[in-house]
Structures are given as C-alpha cells and as structure tokens.
Amino acid sequence: MTEELLEHAEEFVTRTLSHMSTSDRVSASREAKKLILDINEIYKETKDSNLMDVMKRLTEKKKKIEKRLKGTPLV
C-alpha cells in the first residue's frame with residue numbers, strides 16, 4: 001500500500017497546473033490533503049525521512065494551488 005501511495009503522490013507532484021478550472025483546483029487541493037494525511041499516518045509508525053520529504057513536496061504543491069484559488073487581494 002505504501003508503494004501505491006508514493007506512486008500516486010509522485011504523479012500528483014509532477015502533474016501540471018496550467019489550464020485548470022476552479023473546480024479542478026479545488027479537487028486537486030483536496031486530493032493533496034488526503035495524500036498528505038495518508039502518508040502522515042504511515043510516517044507516524046515508521047519515521048521514514050523519505051516520507052517526510054514526499055509530504056513536504058506535496059505541501060508545496062498544495063500551497064501553490066491554494067494561492068491561485070484565493071487570488072490576489074484588491075487594495
């Protein structure tokens with residue numbers, strides 16, 4: 001199961017963000033959150049530093065998606 005999860009996470013990180021609709025961005029953000037939480041459950045048991053690196057990369061990608069969803073503030 002860990003291998004499947006890591007493969008799915010790697011595929012998510014390499015996925016392009018261009019030309020995504022708002023609903024695609026929302027679903028991608030939710031998918032990233034689910035992946036991070038699932039990997040975190042495994043990390044709690046194993047303390048594998050490789051899993052932490054994967055979670056960090058997923059978090060970076062998730063932050064980029066959410067930044068785009070929120071937009072720039074109007075002053």
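Look above for the structure.
One structure accompanies this document, and this report is about it. Residue indices begin from 1 for each chain and proceed along its sequence in written order. In view of the model being predicted, local features appear only for residues whose pLDDT reaches at least 70, and side-chain atom pairs are presented and counted only at 80 or more, with totals across whole chains, interfaces and linings using the full set of residues. The side-chain values count all of the structure's non-hydrogen atoms but skip hydrogen atoms and water molecules.

Considering the overall build of the protein chain
Looking only at helices and strands, one finds 3 helices and 0 strands in the protein chain. Under the scheme used here, helices are H or I runs from DSSP no shorter than 4 residues and strands are E runs no shorter than 2 residues, and both carry numbers assigned from the N terminus. In sequence order, the protein chain lays out its α and β elements as α-α-α. In the protein chain, buried positions account for 28% of the 75 residues. Throughout, a contact is declared for two residues whenever any of their heavy atoms are within 4.5 Å. Partitioning the intrachain contacts of the protein chain with sequence separation of at least 6 by distance along the chain shows that 62% fall at a separation of at least 24. The protein chains shown are the only cover counted for residues, whose accessible areas, like all others here, come from Shrake-Rupley with a 1.4 Å probe. In the structure as shown, the protein chain presents an accessible area of about 5,700 Å², 53% of it carried by carbon and sulfur atoms. Each residue is placed in one exposure class: buried if its accessible area under a 1.4 Å probe, protein chains only, is under 20% of its type's maximum, exposed if it is over 50%, and partly exposed if it falls in between.

Things to note about the packing of helix H1 (residues 2-14) against helix H2 (residues 22-46)
Between N-to-C directions, angles cover 0 to 180 degrees, with each direction set by a line fitted to C-alpha atoms, over the stretch in contact for helices. Closest axis-to-axis distance for the H1/H2 pair is 11 Å, and the angle between their directions is 145°. In this structure, H1 meets H2 at a crossing whose hand is left-handed. Each of Thr2, Leu5, His8, Ala9 and Phe12 in H1 lies in contact with H2, whose residues at this interface are Ala28, Glu31, Ala32, Leu35, Asp38, Ile39 and Ile42. Note on residue categories: nonpolar means Ala, Val, Leu, Ile, Met, Phe, Trp, Tyr, Cys or Pro, charged means Asp, Glu, Lys or Arg, and polar means any other residue, Gly included. Its residues assigned to classes, the contact of H1 with H2 comprises 8 nonpolar, 2 polar and 2 charged. It is the rotation of the near helix from the far one that decides the hand of a crossing: anticlockwise by less than a right angle makes it left-handed, clockwise makes it right-handed.

Some remarks on the pattern of salt bridges
Oppositely charged side chains can pair when the atoms bearing their charge come close. Any Lys or Arg side-chain nitrogen located within 4 Å of an Asp or Glu carboxyl oxygen qualifies as a salt bridge. Tallying each qualifying case throughout the model produces 6 salt bridges. Between Arg57 and Glu10 there is a salt bridge; the shortest N-O distance is 2.6 Å. Placement of Arg57 in helix H3 (residues 49-70) and of Glu10 in helix H1 is noted, with a sequence separation of 47 residues between them. Taking the relative accessible area as the measure of exposure, Arg57 reaches 33% and is therefore partly exposed. Salt bridges sharing partners connect three or more residues here, namely Glu11, Arg15 and Glu31.

Section: the environment of His19
If you trace the backbone, His19 turns up in the loop between H1 and H2. Sequence separation between His19 and Lys61 is 42 residues, and the spatial gap between their C-alpha atoms is 16 Å.

No statement about biological role is implied by the geometric values presented.
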